[in-house]
Amino acid sequence: FLAGSWHGVFDGGVNCVVALLVAFTSYTYHPPRYYWAFSFLGFLMSIVWIYIITSEVVNVLEAASITLQLSRALVGLLVLAFGNSVCDLVANFVVARQGKAIMGFSACYGSPLLNMLIGVALGFLIATATHKGTYVVKLTAQLGVAAGFLICGLLVALIFVTLRRWKADRLLGVILPIAYIAFVFALLCVEFIP
């Protein structure tokens, strides 16, 4: 229990009551009737932990951007975006190595599409609810560069694959990473060159 905290005493009391309830209504070789609730509660707890950890990561990145005198847009576009994308990158790489390139290729477009359409929509919905009205987005030069590279990258991939009769080859695998390196270089130029 947290010393001097009624919140900790309450949580500890609830935990003890639930633990005793489970202990007296469970059997060693037979799950209780409410066993499905454990999965549901575990899912809810994972959401709570993800929320807590991501909030702390965002706070640390914001403190780092203030300390290093970097814009929040640059830190978000490079560090946070990289952290969000590593899992997708590894999963798509593994799927492609297993010979399921179409699945990996589709996931490369499906995941950002989900993030853009659902993530941005929910973000603005929450922002407008907390700010009581419209939320004004400050379009910085970094966000403009990011939007331009995103649109150009999608168009280059679409045009390239279309002109190659819907076949992706090594040239596309070279062009797109070079475009990302150019994107990072353009972001750094916008950030540090006045």
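Here's a quick rundown of the structure. (Residues numbered from 1 in each chain as written. Predicted model: local features only at pLDDT ≥ 70, side-chain atom pairs only at ≥ 80, totals over all residues. Heavy atoms only, no water.)

## Overview of the overall build of the protein chain
- Scanning the protein chain for helices and strands turns up 6 helices and 0 strands.
- In sequence order, the secondary structure elements of the protein chain are arranged as α-α-α-α-α-α.
- Its C-alpha atoms give the protein chain a radius of gyration of 24 Å, more than 25% over the compact-globule value 16 Å for 194 residues.
- Expressed as lengths along the three principal axes of its C-alpha atoms, the size of the protein chain is roughly 65 × 45 × 30 Å.
- Looking at the protein chain as a whole, 13% of its 194 residues are labelled buried.
- Counting contacts in the protein chain only where the partners sit at least 6 residues apart, residues at least 24 apart contribute 45% of the total.
- Carbon together with sulfur atoms contributes 76% to the accessible area of the protein chain, which is approximately 15600 Å² in total.
- Here the protein chain carries 10 positive and 6 negative side-chain charges, and the mean point of each set is 16 Å from the other. (Helix = DSSP H or I, 4+ residues; strand = E, 2+ residues; numbered from the N terminus. Rg over C-alpha atoms; globule rule 2.2 N^0.38 Å. Buried < 20%, exposed > 50% of the residue type's maximum accessible area, 1.4 Å probe, protein only. Contact = heavy atoms within 4.5 Å. Areas by Shrake-Rupley, 256 points an atom, 1.4 Å probe, with all protein chains shown as cover. Lys, Arg positive; Asp, Glu negative; His and termini not counted. Charge placed at Lys NZ, Arg CZ, Asp CG, Glu CD.)

## Concerning the environment of V156
- Tracing the sequence through the fold places V156 in helix 5 (residues 141–163).
- For V156 and L172, which are 16 residues apart along the polypeptide, the C-alpha to C-alpha distance reads 9.1 Å.

## Quick word on the pattern of salt bridges
- Within the structure shown, the criterion is met by 2 salt bridges.
- With its nearest N and O atoms 2.8 Å apart, the salt bridge here joins R72 to E62. Of this pair, R72 sits in helix 3 (residues 72–97) while E62 sits in helix 2 (residues 35–67), placing them 10 residues apart in sequence.
- Residue classification places E62 among the partly exposed residues on the basis of a relative accessible area of 28%.
- One salt bridge in this structure joins D169 and R164, with 3.4 Å as the shortest N-O distance. (Salt bridge = Lys/Arg side-chain N within 4 Å of Asp/Glu carboxyl O.)

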